[in-house]
Amino acid sequence: MSIAGGVDRAIERGASIGCTAIQIFLKNNFQWTGRPYTPEEITRFHAAVKKTGIAVFAHSGYLINPCAPNPKLRERSLAAIIDEIERATVLGVPFIVMHPGAHLGAGESPGLRLVAKTLDTAFRATKRSPVRIALETTAGQGTCLGHRFEHLAEIIAHSQFPDRLAVCVDTCHIFAAGYDIRTPAGYKSVAKQLAALPVVAFHLNDSKKPLGSRVDRHDHIGKGYLGLAAFRHVLRDRRWRNLPMSLETPKSADLHEDVANLRALTNCLI
Ligand SMILES: [Zn+2]
């Protein structure tokens, strides 16, 4: 949900279309730095959360790459992660969804270790914060890590702060990465693997690209290659019942696409 006009505005937008959970960026997602929140903005944010009861979680900026082989880029990423954790702490947002990053040729195994190392440095610098980083399952474009569930498990295993790590499942990404959740048998097997991870949230997106394409293109619910059956499986699974889930589908300012997608998801429960 857009934070244009202040982080508190995202909650208003969510409430206006009946959301019970929303995902926000903590600052402009295409820039390294952002303006600090004003005290009034923080007060309004807390008041809006209290009034609406909406569960809010965050997504990190797109420039961050915790396993960038270039030390300067990695330093910048680290500073940005720390800044985002501090922002989430002030807002009382429990976790930030983050893509594990791209190893850019360094190799998967060294890349995964470097992700854990960079995040550990960030956790050490924000020791008193309860904010967790939820590693997102990815489609596996290029050298991006996180397209195998084992990657996420390995990062957590390497970390000295495993309690501050969690997982966010993106339905479009796992499908593009080759995990088929359209059939009951396929879903059962994939969900069993996911249940072994500390899953704290879902991104519910259909996919414009076929199974195993390794291409990340979100589509409206029920309009892509995943189809409604996949969402029925996820939404009817008791294991995820209390987890916040968000759409990341194309939308315009009046949010009519979100309304249609939410309706399609609600219908999966009937
Ligand atoms: Zn996502």
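Please refer to the structure higher up on the page.
To start, this report covers the structure provided alongside it.

### A look at unusual backbone geometry
Located in the positive-phi region is Leu104, a residue other than glycine, with phi close to 55°. Tracing the backbone shows Leu104 in the loop between β3 (95-98) and α4 (108-125). Of note, Arg214 is a non-glycine position whose phi angle comes to about 60°, a positive value. If you trace the backbone, Arg214 turns up in the loop between β7 (206-207) and β8 (218-219).

### Remarks on the sheet that holds strand β9 (residues 245-247)
Ordered in space as β1-β2-β3-β4-β5-β6-β9, the 7 strands form an open sheet in which the pairing is parallel. Strand pairing shows two members of the sheet lacking a second neighbour, β1 (21-25) and β9, which therefore form its edges. Here the strands of the sheet are splayed against their neighbours by 30° on average, with no regard to which way each runs. Across 4 bridges, the pairing between β3 and strand β4 (residues 132-136) is parallel. For Ile96, the partnering residue across the bridge sits in β4 and is Ile133. Contacting β1 and β2 (55-59), helix α1 (residues 7-16) runs over the sheet at an angle of about 150° to β1.

### A word on the environment of Gly142
Position of Gly142 among the secondary structure elements: in the loop between β4 and α5 (149-158). We classify Gly142 as exposed; its relative accessible area is 67%. Separated by 73 residues in sequence, Gly142 and Val215 have C-alpha atoms that sit 9.1 Å apart.

### Remarks on the coordination of the zinc ion
Bound to the zinc ion on the protein side are Glu136 (OE), Asp170 (OD), His203 (ND1) and Glu248 (OE), at distances that span 2.1 to 2.2 Å. Because the angles between the 4 donor atoms bound to the zinc ion fall within 86 to 173°, the donor set is best described as irregular. Each donor residue of the zinc ion lies on the same chain, and together they follow the pattern E-x33-D-x32-H-x44-E. Here His203 lies in strand β6 (residues 199-204) and Glu136 lies in strand β4, a separation of 67 residues in the sequence. The pair formed by Glu136 and His203 is uniform in burial state, with each residue classed as buried.

### Thoughts on the pairing of β1
Most of β1 is tucked away: 4 of the 5 residues are buried. Where β1 and β2 come together, 5 bridges link them in parallel fashion. Opposite Gln23, over in β2, you have Phe57 as the bridge partner. Between the parallel pair β1 and β2, the chain is carried across by helix α2 (residues 39-52), and the sense of this crossover is right-handed.

### Section: the pairing of β4
The buried fraction of β4 amounts to 4 of the 5 residues, a majority that puts the element mostly inside the structure. Both β4 and strand β5 (residues 165-170) contribute to a ladder of 4 bridges, which runs parallel. Residue pairing for β5: Ile133 is matched across the bridge by Leu165. The β-α-β motif built from β4, the intervening α5 and the parallel element β5 has right-handed crossover chirality.

### Structural notes on the side chain of Asp237
Assignment of secondary structure puts Asp237 in the loop between α8 (227-235) and β9. For Asp237, a relative accessible area of 9% translates into the label buried. At a separation of 2.8 Å, a polar atom in the side chain of Asp237 contacts the side chain of Arg239. For Asp237, the residues in contact, after removing those within four places along its chain, are Tyr187 and Ala191.

How each quantity is defined
- Residues numbered from 1 in each chain as written.
- Predicted model: local features only at pLDDT ≥ 70, side-chain atom pairs only at ≥ 80, totals over all residues.
- Heavy atoms only, no water.
- Helix = DSSP H or I, 4+ residues; strand = E, 2+ residues; numbered from the N terminus.
- Pairing = 2+ DSSP bridges.
- Axes fitted to C-alpha atoms, helices over the stretch in contact; angles between N-to-C directions.
- Contact = heavy atoms within 4.5 Å.
- Buried < 20%, exposed > 50% of the residue type's maximum accessible area, 1.4 Å probe, protein only.
- Donors = N, O, S within 2.8 Å, 3.2 Å for Na, K, Ca; no water.
- Tetrahedral: all angles 85-135°; square planar, octahedral: opposite > 155°, others 65-115°.
- Right-handed = clockwise from strand over helix to strand, strands pointing away.
- Polar contact = N/O pair within 3.5 Å; in protein donor to acceptor, adjacent residues only side chain to side chain.

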